[in-house]
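What follows is each chain in one-letter form.
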Amino acid sequence: MGTVTTHDGTTIFYKDWGPRDGEPIVFHHGWPLSADDWDNQMLFFLAQGYRVIAHDRRGHGRSTQTATGHDMDTYAADVTALTDALDLRGAVHIGHSTGGGEVARYVARAKPGRVSKAVLVGAVPPLMLKTEANPGGLPIEVFDGFREGVAANRAQSFIDIPSGPFYGFNRPGAQVSQGLIDNWWRQGMMGAANAHYECVAAFSETDFTEDLQQIEVPVLVAHGTDDQVVPYDDSAPLTVKLLKNGTLKSYEGYPHGMLSTHPEVLNPDILAFIRS
């Protein structure tokens, strides 16, 4: 485990496991979590011989609780600082939810040779917010609700979200995992309330259209059709249309947090894409 310091003095915490000469995979977590959300995937790909790296976004987890920089441009710049410090070349970048937006912005701007492939899982691109240009998006009131939850009672909000829509535990017949709920809460409460509040705008109001159009490397877009956080119809199918070399893989009835509820399905599929 280590840290890297960015241009504005922010300390970014990261994990770096596996052989230094192994093919690197970099994991980008969702809101309001941390690198710990990737434990299952990191152990899986570590066992396959990969070098696995995951960082805590600024204001999240064990990284600096900064007053500024809670926007996609800065998030991507922080990733650049990390990948430069570790001198990662030919890396695969995998992002979930907000982390998928971070991947899109970073990969679109990455230096030549840094990235070989990317994977977007339940990711926020192209744009979550409903606008005239994006009539299928979610109304601003949805995101205001997230902000109100953080400001009023963050601890309770961070129980309600994983207990309900995030993992689909509000669906009839769902197999509820209290461990997943508790771990979600634990990760969320490690971070800063201001970072979580401001990140809502970053993941909901950032338009990734141009980023997606600029990406040259192969991209796997994986999304559950019962995603209650980032609805399927206004995300994955639109993202693939904007990519030069995108592959869409849909998971019928899977929730937003399908990496945690169905890792036995997602992990081998991502491995197959990386090896293809």
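Residues numbered from 1 in each chain as written. Predicted model: local features only at pLDDT ≥ 70, side-chain atom pairs only at ≥ 80, totals over all residues. Heavy atoms only, no water.

Draft legend 1. Looking closely at the side chain of His-28. For His-28, the location among the structural elements is in strand β3 (residues 24–28). With residues up to four places along the chain from it excluded, the contact list for His-28 reads Trp-38, His-55, Arg-57, Val-79, His-93, Ile-94, Gly-95, His-96, Gly-99, Glu-102 and Val-103. (Helix = DSSP H or I, 4+ residues; strand = E, 2+ residues; numbered from the N terminus. Contact = heavy atoms within 4.5 Å.)

Draft legend 2. Structural view of the sheet that holds strand β6 (residues 115–121). On the basis of which strands lie adjacent, the open sheet formed by eight strands has the order β1-β2-β4-β3-β5-β6-β7-β8 and mixed pairing. The open sheet is flanked by β1 (2–5) and β8 (246–251), the only strands paired with a single partner. Ignoring strand direction, the axes of neighbouring strands in this sheet form an average angle of 20°. Two strands pair when backbone bridges link them, and β3 and strand β4 (residues 51–55) are joined in this way by four bridges, in the parallel orientation. From the neighbouring strand, Ile-25 faces β4, where its bridge partner is Val-52. Packing against the sheet, helix α3 (residues 98–109) makes contact with β3, β4, β5 (91–96) and β6, and its axis sits at approximately 145° to β5. Of the strands in this sheet, β3, β5, β6, β7 (219–224) and β8 touch helix α10 (residues 263–275), which is tilted by about 155° from β6. (Pairing = 2+ DSSP bridges. Axes fitted to C-alpha atoms, helices over the stretch in contact; angles between N-to-C directions.)

Draft legend 3. Structural view of the pairing of β3. For β3, the buried fraction is high: five of the five residues fall into the buried class. Burial along β3 is two-sided: Pro-24, Val-26 and His-28 facing one way and Ile-25 and Phe-27 facing the other are all buried. (Buried < 20%, exposed > 50% of the residue type's maximum accessible area, 1.4 Å probe, protein only.)

Draft legend 4. View of the nonpolar core. With 46 residues, the main nonpolar core has Trp-31, Val-107, Phe-143, Trp-184, Phe-203 and Ile-215 as its most contacted residues. Of all the elements in the fold, those that place two or more residues in this core are α2 (72–86), α3, β6, α4 (140–163), α5 (178–190), α6 (193–205), β7 and α8 (236–242). Setting aside residues up to four positions removed in sequence, Phe-203 forms contacts with Trp-31, Met-72, Thr-98, Val-124, Met-128, Phe-143 and Phe-146. Ala-35, Ile-94, Leu-220 and Tyr-254 belong to the second-largest nonpolar core, a separate cluster that totals 24 residues. (Core = buried A, V, L, I, M, F, W, Y, C linked by side-chain atoms within 4.5 Å.)

Draft legend 5. Geometry of the environment of Ser-235. Locating Ser-235 in the fold gives a position in the loop between β7 and α8. Remark: the alpha-carbon pair of Ser-235 and Pro-125, spanning 110 residues in sequence, is separated by 5.9 Å.

Draft legend 6. Layout of the packing of α4 against α6. Taken N-terminus to C-terminus, the directions of α4 and α6 make an angle of 160°; their axes are 10 Å apart at the nearest point. In terms of their interaxial angle, α4 and α6 are classed as roughly antiparallel. The handedness of the crossing between α4 and α6 comes out as right-handed. Residue-level inspection shows Ile-140, Phe-143, Phe-146, Arg-147, Val-150, Ala-151, Arg-154 and Phe-158 of α4 in contact with α6, the latter providing Ala-193, His-196, Tyr-197, Val-200, Ala-201, Phe-203, Ser-204 and Glu-205. Per-class residue counts for the contact of α4 with α6 are 11 nonpolar, two polar and three charged. (Parallel < 35°, antiparallel > 145°, perpendicular 65-115°, else oblique. Left-handed = near helix turned anticlockwise from the far one by under 90°. Nonpolar A, V, L, I, M, F, W, Y, C, P; charged D, E, K, R; others polar.)

Draft legend 7. Structural context of the pattern of salt bridges. All chains considered together, the criterion is met by 20 salt bridges. Between Lys-15 and Asp-36 there is a salt bridge whose closest N-O contact spans 2.6 Å. Of this pair, Lys-15 sits in strand β2 (residues 11–17) while Asp-36 sits in the loop between β3 and α1 (39–47), placing them 21 residues apart in sequence. Pair check on accessibility: Lys-15 and Asp-36 agree, each one buried. Residue Glu-216 is joined to Lys-244 by a salt bridge in which the shortest nitrogen-to-oxygen separation is 3.9 Å. On the criterion of sequence distance, the pair formed by Glu-216 in the loop between α7 (209–214) and β7 and Lys-244 in the loop between α8 and β8 is long-range, its members being 28 residues apart. Via salt bridges that share partners, Lys-15, Asp-36, Asp-39, Asp-56, Arg-62 and Arg-186 belong to a single interconnected network. (Salt bridge = Lys/Arg side-chain N within 4 Å of Asp/Glu carboxyl O.)

Draft legend 8. Up close: the packing of aromatic side chains. The tally for this structure, following the rule as stated, stands at 14 aromatic pairs. Here the aromatic rings of Phe-27 and Phe-45 are separated by 6.2 Å at their centres, their planes lie at 45°, and the arrangement is tilted. Of this pair, Phe-27 sits in strand β3 while Phe-45 sits in helix α1, placing them 18 residues apart in sequence. For the pair Phe-166 and Tyr-167, a centre-to-centre distance of 4.9 Å together with 75° between the ring planes defines the contact as edge-to-face. Tyr-167 shares its class with Phe-166; the two are buried. Of note, Arg-57 hangs over the ring of Tyr-75, and the distance from its end group to the ring centre comes to 5.3 Å. It is Lys-117 that lies over the ring of Phe-273; its NZ or CZ is 5.0 Å from the centre. (Phe/Tyr/Trp six-rings, centres within 6.5 Å; stacked < 30°, edge-to-face > 60°. Lys NZ or Arg CZ within 6 Å of the ring centre and 35° of its normal.)

Draft legend 9. Structural detail: α4. For α4, with 24 residues, the first-to-last C-alpha span of 23 Å runs short of the 34 Å given by 1.5 Å per residue. A maximum bend of about 130° is found in α4 at Asn-153. Phe-143, Phe-146, Arg-147, Gly-149, Val-150, Arg-154, Ser-157, Phe-158, Ile-161 and Pro-162 are the residues of α4 that are buried. For α4, the secondary structure elements touched by its buried residues are α5 and α6. (Expected span 1.5 Å × (residues − 1). Bend = angle between axes of the 7 residues up to and from the residue.)

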